[in-house]
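Overview (structure and organization)
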Amino acid sequence: MNYRDKIQEALLGDGEPASQTRDPDVISGDFYGTNVGGDIEKRKPPQDALRKYWRQYETNGIVRKSINTYANDITEPGYTIEADNEQLESQMEDWLREGAIVNGVQDKDFIQVLEDTIRQREVRGTALIEVVPQANNSDGMWGFRIINIESVNAIEKEDSGILVRPGETELDNVPITKRGEAAAYVQYDDTAFGGPFDKDDVPLSQNDVIKFTLDGDAYDIFGTSRLEGVSEDIETLNSVLDDNADAIAAKGHPYWIFKMGEPAGDENNPRAGIWPKDKIQELAEKHKSNNYDAGQKDFLPGDVDVDVVHGETADIKPTVNYHTEQILASMPTPKFMVGFSDAVNRDITTEQFDAYKTQVRKARRELEAGFRPFLKRKAREWGYSDAEVASLEIRIERQTQENPLRNNEFEAQEFKAMAEGLRSLEQSSSVSEEEIRENFLGLPAEQSGDASTSDDAPQEDGAEENEAQD
């Protein structure tokens, strides 16, 4: 913190927090993370739990469809940059279009980081994004990259449940980052979720990462995976389906038993007893699946009796439905959006969808709030003034002034609803036709009716300017 910032904080800030409460997990002795002044491990999910949750997301169709739909709905409008300075807007958008490292590939669009942030937070409970520094300038921002939270451990002050701040380098046993800041996280720390690791520790301050959590408890540094409450249901459902597949293969088809005479019969006279072995083998070969044809007829000598044992499998539908409902209840999207529309009426789906849209908007605002300080930091790095930086915003939403007639993805139902609303406005005379054209549809204003339309009429002084604006 420079001298000017210290003066400003002293005059306008509230100083340092002095929380009197303590993390109850520390009192109980069940820990995850490291406390300054001691080698204490703080409570964490079972070993490899986060890895298991991610694998369940990858392999379970219900979970995968729900979380991917949620992430896509949140980021579907894309992002826009708003600022009082148009050059800043353009420069920031250009930077973000190539400011991400995704799956090992750099120069990817920032939108993919937003999508992956939602997936990580939903599946692992916490999304951690590295603010990637420039190779030739550790203080300069290159862009963003997702960090696997399993490889990261948190460092908090004493037993307060508060992360170490970048400037608190005087605290004992706090690792220092390459930029000389106190670390709040350590990647590849052996006490991290996925540890131990055969790698060197990487200390990261709060200025080096952006964190988003889901359903974190009081004093928790990390969030809770959406799958944690239904992980056993997913395992049980998979086990039931696997067992049922084995049962179908073993008992799903009838079993035929051919009795060809009595063992004590005369082998030279089949009518008096058992068939010769070569005749039995010949008939068995004839009835193999690759030789047998539907409607096939065989003419056999006597003393043949056939028993049929019909296969039976358990009725697993109630069990499957129960665990499926449990999984769906924990997912972020409504049931009907994942492909289950049985016994769901229109009123229920409308109510669920309205609540879902509210949840989506909330997630968008959280993404904007999390990344906004770092975009402002990049703008300061470029040398923009405090006023220009203050006006900088990132928006994840559709442009309200966008003309729906020029939007190929505008839904017909939405257009119908908007048209009916505009008709009501026009009939109420609360807005003029010109205001509807310009403010709601984004169309150019119509020419005044008393303007001369003659080709050789003289042009008014402002006509050229008006045409340029149109």
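Now for the pairing of strand S5 (residues 126-134). With 5 bridges connecting them, S5 and strand S10 (residues 209-213) associate as antiparallel partners. Bridging from a neighbouring strand, Leu 128 pairs with Lys 211 of S10. Both S5 and strand S6 (residues 137-147) contribute to a ladder of 7 bridges, which runs antiparallel. Paired with Pro 133 across the strands is Met 141, a residue of S6. The loop that links S5 with its antiparallel partner S6 comprises 2 residues.

We now examine the pattern of salt bridges. One pass over the full model with this rule turns up 19 salt bridges. Across the pair Glu 150 and Arg 51 runs a salt bridge whose closest N-O atoms are separated by 3.4 Å. One end of the pair, Glu 150, is in the loop between S6 and strand S7 (152-156); the other, Arg 51, is in helix H3 (residues 49-59), with 99 residues separating them in the sequence. Its relative accessible area of 44% is what places Arg 51 among the partly exposed residues. The partner of Glu 150 in a salt bridge is Arg 124, and the shortest N-O contact between them spans 2.9 Å. One end of the pair, Glu 150, is in the loop between S6 and S7; the other, Arg 124, is in helix H6 (residues 110-124), with 26 residues separating them in the sequence. On the accessibility criterion, Glu 150 (5% relative accessible area) is buried. You can call Arg 124 buried: its relative accessible area is 8%. One network of salt bridges, in which partners are shared, links Asp 139, Arg 179, Glu 181 and Asp 208.

Cut-offs used in this document
- Residues numbered from 1 in each chain as written.
- Predicted model: local features only at pLDDT ≥ 70, side-chain atom pairs only at ≥ 80, totals over all residues.
- Heavy atoms only, no water.
- Pairing = 2+ DSSP bridges.
- Helix = DSSP H or I, 4+ residues; strand = E, 2+ residues; numbered from the N terminus.
- Salt bridge = Lys/Arg side-chain N within 4 Å of Asp/Glu carboxyl O.
- Buried < 20%, exposed > 50% of the residue type's maximum accessible area, 1.4 Å probe, protein only.

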